[in-house]
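Descriptive structure summary
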Amino acid sequence: MTALDRFNLPALSGAQMREVDRAMIEDLHIELTQMMENAGRSLAELAITRFSPRSVTVLAGPGGNGGGGMVAARHLANRGCAVQVVLSDPDNLAPIPAHQADILCRMGVAIAEWPAPAQLVVDALIGYSLHGSPEGRVAELIEWANGQPSPILALDTPTGLDVTTGIAAALSIVAAATLTLALPKVGLLEAPTVGDLYLADISVPASVYRRMGILLPQLFRDSAVIRLGP
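Notes on the structure in this doc start here. Just so you know, the residues in each chain are numbered from 1, in the order the chain's sequence is written. At least 70 in pLDDT is required for a residue's local features to be given in this predicted model, at least 80 for side-chain atom pairs to be given and counted, and no such filter applies to totals for whole chains, interfaces and linings, which use all residues. Just so you know, side-chain values use all the structure's heavy atoms and leave hydrogens and water out.

1. So, helix 5 (residues 95-107)
With 13 residues, helix 5 extends 19 Å between its outermost C-alpha atoms, agreeing within 8% with the 18 Å of an ideal straight helix rising 1.5 Å per residue. Classification of residues uses two cut-offs on accessible area relative to the type maximum, computed with a 1.4 Å probe and protein chains only: under 20% is buried, over 50% is exposed, and between them is partly exposed. Only runs of H or I of at least four residues qualify as helices and only runs of E of at least two qualify as strands under DSSP, and these elements are numbered from the N terminus. All buried positions along helix 5 are accounted for by Pro97, Gln100, Ala101 and Leu104. Projected onto a plane normal to the axis of helix 5, the buried residues spread over an arc of 100° and lie on a single side. Pointing more than 90 degrees away from the buried face of helix 5 are the exposed residues Pro95, Cys105 and Arg106. Against the buried residues of helix 5 lie helix 3 (32-51), helix 4 (64-78), strand 2 (82-87) and strand 3 (110-112). Gly108 sits one or two residues past helix 5 and shows a positive phi near 90°. Given the number of residues in a helix, its expected span is that number minus one, multiplied by 1.5 Å. The arc in question is the one traced by the directions running from the helix axis out to the C-beta atoms. By the convention used here, residues are in contact when the closest approach between their heavy atoms is within 4.5 Å.

Listed below in structure tokens is the structure:
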């Protein structure tokens, strides 16, 4: 029995997850920086406990998903991993991811133009906001990652997978494990590119879900990260 069965967890569409994020920021004033920190710290913890890497390459997009990957890079570096970050669009970082990149530069974490092999690859290119198929530099980084012998750990969803339909683009990340956030997304439940599915607490209060008609058990009493399946 998986945690999905045990807790009878609902799964969200992309639109519902956008509403969760909106309610967190606009209604409760729990800022994106706080949610990003929770996500990235949990991603680093899962990277260490699941894969025990000595070296990590983080592929980071310009939005919130990339920011979470950069937070993970900081925590992994602090825990002794050799970390490099590759930005898919360094000239168009959103303000909060740009702040995370600045922190990494000040720490001396390598931000490279092209990825080098590592014992673990972290996919933080595009989250649930994907529109259409990945292209350009993102597509090139997906091809590179899928061609590596090392496992891939995806943040929220493997890049290229539609979190609502579960349909993967022709070019999409094939992950060994995925850490999704807040609640599982519908499209992750059966998609073969997800790998082992985990769920992380980003501090969403139960009241946010109740307003959406969703009642939840206490999920994160014992840990901020739980395994959902398979």
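That shown, we press on.
2. Quick notes on the packing of helix 3 against helix 4
The axes are straight lines fitted to the C-alpha atoms, using for helices just the contacting stretch, and the angles between their N-to-C directions are given from 0 to 180°. At a minimum axis distance of 7 Å, the contact between helix 3 and helix 4 shows a crossing angle of 55°. By the angle class used here, helix 3 and helix 4 are oblique. By crossing handedness, the relation of helix 3 to helix 4 is classed as right-handed. Side by side, helix 3 and helix 4 meet where Met36, Glu37, Gly40, Arg41, Leu43, Ala44, Ala47 and Ile48 of the first sit next to Gly64, Gly67, Gly68, Gly69, Val71, Ala72, Arg74, His75 and Leu76 of the second. Three classes are used: nonpolar for Ala, Val, Leu, Ile, Met, Phe, Trp, Tyr, Cys and Pro, charged for Asp, Glu, Lys and Arg, and polar for all others, with Gly counted as polar. Classifying every residue of the contact of helix 3 with helix 4 gives eight nonpolar, six polar and three charged. Working rule for angles: under 35 degrees goes down as roughly parallel, over 145 as roughly antiparallel, 65 to 115 as roughly perpendicular, anything else as oblique. By convention, the crossing between two helices is left-handed when the near helix turns anticlockwise from the far helix through less than a right angle, and right-handed when the turn is clockwise.

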